[in-house]
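Analysis of the macromolecular model
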Amino acid sequence: MSFTFSREEAVLFDQQDELSAFRDQFYIKEGQYYLDGNSLGLLSKKAEQAVLSLLDSWKNYGIEGWMEGEHPWFTLSEQLGEKTAPLIGAKPDEVIVTGSITVNLHQMLSTFYQPDGKRTKIAADELNFPSDIYTLQSQIKLKGLNPDIELIKAASDNGTTLSIEEIDRVLTDEVAVLLLPSVLYRSGQLLPMKELTKRAHEKGIIVGFDLAHSIGAVPHELHDWGVDFAVWCNYKYMNNGPGGTGGLFIHEKHHDRLPGLKGWFGSNKEKQFDMAHTFTKADGAGAYQIGTPNILSTAPLIGSLELFEEAGIHNLRKKSLHQTQYMADFFEQKLRSFGMKKVTPSADEDRGGHIALQHPYAAGICKAMKAEGIIPDFRAPDIIRLAPAAFYTSYQDLYEAMQKIQRIMETEAYKNYSNERNVIA
Ligand SMILES: *Cc1c(COP(=O)(O)O)cnc(C)c1O
């Protein structure tokens, strides 16, 4: 299918869009083209209501709020884990809402990384997010080993994407755990999780994924694929707000494993208040919680997950693919000649929810976009990420934004801005 990139076409797409009504559920700033839902999703009215409702239960119940009110706090993390499960193809007790990516990764590595004989290494990739790599380095050090030796990274020959062969090369019989992102945060490449899990398991390697850039954008079948563990944040496509509580998945085949980092909120709930010094773990993923949950930072997810249930992740994915296709084709036809390179893979099955454009003046271009009301994000050294959010980005928004980007490139308006990144990019 080819696009005409006319305003009429965008209007028609909006009329045909079965998800278009969800836009009214979100707070969208007039005159702004928000294409940064992959860094911080926007606030929905339901999420706002949920926060107010939990403030209300604090107001009305005090400490009794742990067991009383519309959403008793004591079991909230488990309940929201159950509601998250369909988004990642998990069983309800394989998911818990807790922590942040970095903390949950420390928990999962402490639980799964058991160097044994010559199997002492962790495999990752050289394009991974810094915090994930720092976690692996510290976990190796905590075992008294040397990260420079024990952390091996799949190398990318083009600097933006990874092939199965490149990953295969690090899957040796010295590797204990493989950690990969589901979607590479810069280029937006979606890795073949099912195939990689199979290959790693054939070599006896435990497999974990960081779903930061796929949860809420891409459907998963983690249970059926046999993935051992996964972690994610909820402030990106999940719209759970800044610093909103994240989540983790641990396959039921591992539920007998003691958490590497024990804490009282990982206890069996009946026993937790026995205050015994012997830890009795919860049965499911809840066992891998550590301390008291951040209730107010979890609250928005109550509303947000209702929206996901109403919309359906497969419908969201379908719209997202169509919108990123629109942007990718616009790029091919209108922007390529300005020295921009699209680094996101073209095939549907190889891309997540955003399009990444590479340009030597990327930081300056992002500033010129912001001056026009377009909110992208910049990833050093030279990547512009643009993420339409299927819940709230309209085709008319995309049409306007792409026209403005074309004008910025034609007029070289970005040369009015420095090419330095801001403190937060
Ligand atoms: C967003 C992101 C993070 C952030 O980690 P936090 O602990 O939630 O701050 C980590 N890893 C990846 C791949 C990300 O995209």
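Just so you know, these numbers come straight off a predicted model, no measurement behind them.

Observations regarding the nonpolar core
Among the nonpolar cores identified, the biggest contains 64 residues, and Ile88, Leu211, Phe249 and Phe391 are the most heavily contacted of them. Element by element, the count of residues in this core is highest for helix 10 (residues 295-311), at 8 residues. Split by domain, the residues of this core number at least three in each of domain 1 (7-30 + 312-416) and domain 2 (49-310). One finds Phe5, Met327, Cys366 and Ile405 within the second-largest nonpolar core, a separate group that totals 34 residues.

Brief notes about the packing of helix 11 (residues 313-335) against helix 13 (residues 395-411)
Packing of helix 11 against helix 13 brings their axes to within 11 Å, and their N-to-C directions diverge by 25°. Classified by the angle their axes make, helix 11 and helix 13 are roughly parallel. Relative to helix 13, helix 11 is oriented so that their crossing is right-handed. Within the contact between the two elements, helix 11 uses Lys319, His322, Gln323, Tyr326, Met327, Phe330, Lys334 and Leu335 and helix 13 uses Tyr395, Leu398, Tyr399, Met402, Gln403, Ile405, Gln406 and Met409. Residues belonging to the contact of helix 11 with helix 13 are distributed by class as follows: 10 nonpolar, 4 polar and 2 charged.

Digging into the packing of aromatic side chains
Within the structure shown, the criterion is met by 20 aromatic pairs. When the ring of Phe3 is compared with that of Phe13, the centres are 6.0 Å apart and the planes differ by 90°; the resulting orientation is edge-to-face. Here Phe13 lies in helix 1 (residues 7-16) and Phe3 lies in the segment before helix 1, a separation of 10 residues in the sequence. Comparing Phe3 with Phe13, the two get one shared label, buried. Note on Phe74 and Phe265: the rings are 6.1 Å apart at their centroids and 70° apart in plane angle, and the pair reads as edge-to-face. On the criterion of sequence distance, the pair formed by Phe74 in the loop between helix 2 (45-61) and helix 3 (76-88) and Phe265 in the loop between strand 8 (247-250) and helix 10 is long-range, its members being 191 residues apart. For Phe74, a relative accessible area of 10% gives the class buried. A relative accessible area of 3% means that Phe265 is categorised as buried.

Here's the deal with a nonpolar patch on the surface
On the surface, a nonpolar cluster with roughly 390 Å² of combined accessible area is contributed by Leu52, Leu55, Trp58 and Leu296. When residues in the nonpolar patch are grouped by element, the largest group, 3 residues, is from helix 2. Tracing the backbone through its elements, the reader meets Leu55 in helix 2. A relative accessible area of 34% places Leu55 in the partly exposed class.

Description of the side chain of His71
Secondary-structure assignment places His71 in the loop between helix 2 and helix 3. Using a relative accessible area of 18% as the deciding quantity, one classes His71 as buried. Not counting chain neighbours up to four residues away, the residues in contact with His71 comprise Ser53, Leu54, Leu76 and Ile302.

Regarding the site of the ligand
Within the structure, the ligand sits among Ser100, Ile101, Thr102, Phe129, Asp132, Asp210, Ala212, His213, Cys233, Tyr235 and Lys236. Within the contact set of the ligand, a nitrogen atom lies 2.7 Å away from a side-chain nitrogen or oxygen of Asp132. Protein contacts shield 85% of the accessible area of the ligand, which totals 390 Å² for the unbound molecule. Residue composition of the shell around the ligand, grouped by class: 5 nonpolar, 3 polar and 3 charged.

Here's the deal with the packing of helix 2 against helix 10
Remark: helix 2 packs on helix 10, axes separated minimally by 7 Å, with the N-to-C direction vectors making an angle of 140°. It follows from the interaxial angle that helix 2 and helix 10 lie oblique. The hand of the helix 2/helix 10 crossing is right-handed. Every residue of helix 10 that contacts helix 2 at Lys46, Ala47, Ala50, Val51, Leu54, Leu55 and Trp58 is listed here: Ile295, Leu296, Ala299, Pro300, Ile302, Gly303, Glu306, Leu307 and Glu310.

Here we look at the sheet that holds strand 13 (residues 383-386)
With respect to topology, 4 strands assemble into an open sheet ordered 9-10-13-12, the strand pairing being antiparallel. Since the sheet does not close on itself, it has two edges, and those belong to strand 9 (341-342) and strand 12 (377-379), each with one partner. As defined by bridge partners, strand 12 adjoins strand 13 across 3 bridges and the pair is classed as antiparallel. Note on strand 13: the bridge partner recorded for Arg379 is Ile383. With respect to the sheet, helix 12 (residues 362-371) is in contact with strand 12 and strand 13, its orientation differing from that of strand 13 by roughly 35°.

A few points about the pattern of salt bridges
Inspection of the entire model under this criterion finds 21 salt bridges. One salt-bridge network, in which partners are shared between bridges, spans Lys46, Glu306 and Glu310.

Notes on the pairing of strand 8
On a regular strand, one side chain projects to one face of the sheet and the next to the other, so that they alternate. Across the two faces of strand 8 the burial is the same, with Gly247 and Phe249 and Leu248 and Ile250 all buried. Direction of pairing for strand 2 (residues 95-97) relative to strand 8: antiparallel, over a ladder of 3 bridges. Within strand 8, the position partnered with Val95 by the bridge is Phe249. Across 4 bridges, the pairing between strand 7 (residues 229-232) and strand 8 is antiparallel.

The rules behind the values
Residues numbered from 1 in each chain as written. Predicted model: local features only at pLDDT ≥ 70, side-chain atom pairs only at ≥ 80, totals over all residues. Heavy atoms only, no water. Core = buried A, V, L, I, M, F, W, Y, C linked by side-chain atoms within 4.5 Å. Buried < 20%, exposed > 50% of the residue type's maximum accessible area, 1.4 Å probe, protein only. Helix = DSSP H or I, 4+ residues; strand = E, 2+ residues; numbered from the N terminus. Domains from an automatic or database assignment. Axes fitted to C-alpha atoms, helices over the stretch in contact; angles between N-to-C directions. Parallel < 35°, antiparallel > 145°, perpendicular 65-115°, else oblique. Left-handed = near helix turned anticlockwise from the far one by under 90°. Contact = heavy atoms within 4.5 Å. Nonpolar A, V, L, I, M, F, W, Y, C, P; charged D, E, K, R; others polar. Phe/Tyr/Trp six-rings, centres within 6.5 Å; stacked < 30°, edge-to-face > 60°. Patch = residues over 30% accessible without salt bridge, like charges linked within 9 Å, V, L, I, M, F, W, Y side chains within 5 Å. Areas by Shrake-Rupley, 256 points an atom, 1.4 Å probe, with all protein chains shown as cover. Salt bridge = Lys/Arg side-chain N within 4 Å of Asp/Glu carboxyl O. Near = heavy atom within 4 Å. Polar contact = N/O pair within 3.5 Å; in protein donor to acceptor, adjacent residues only side chain to side chain. Pairing = 2+ DSSP bridges.

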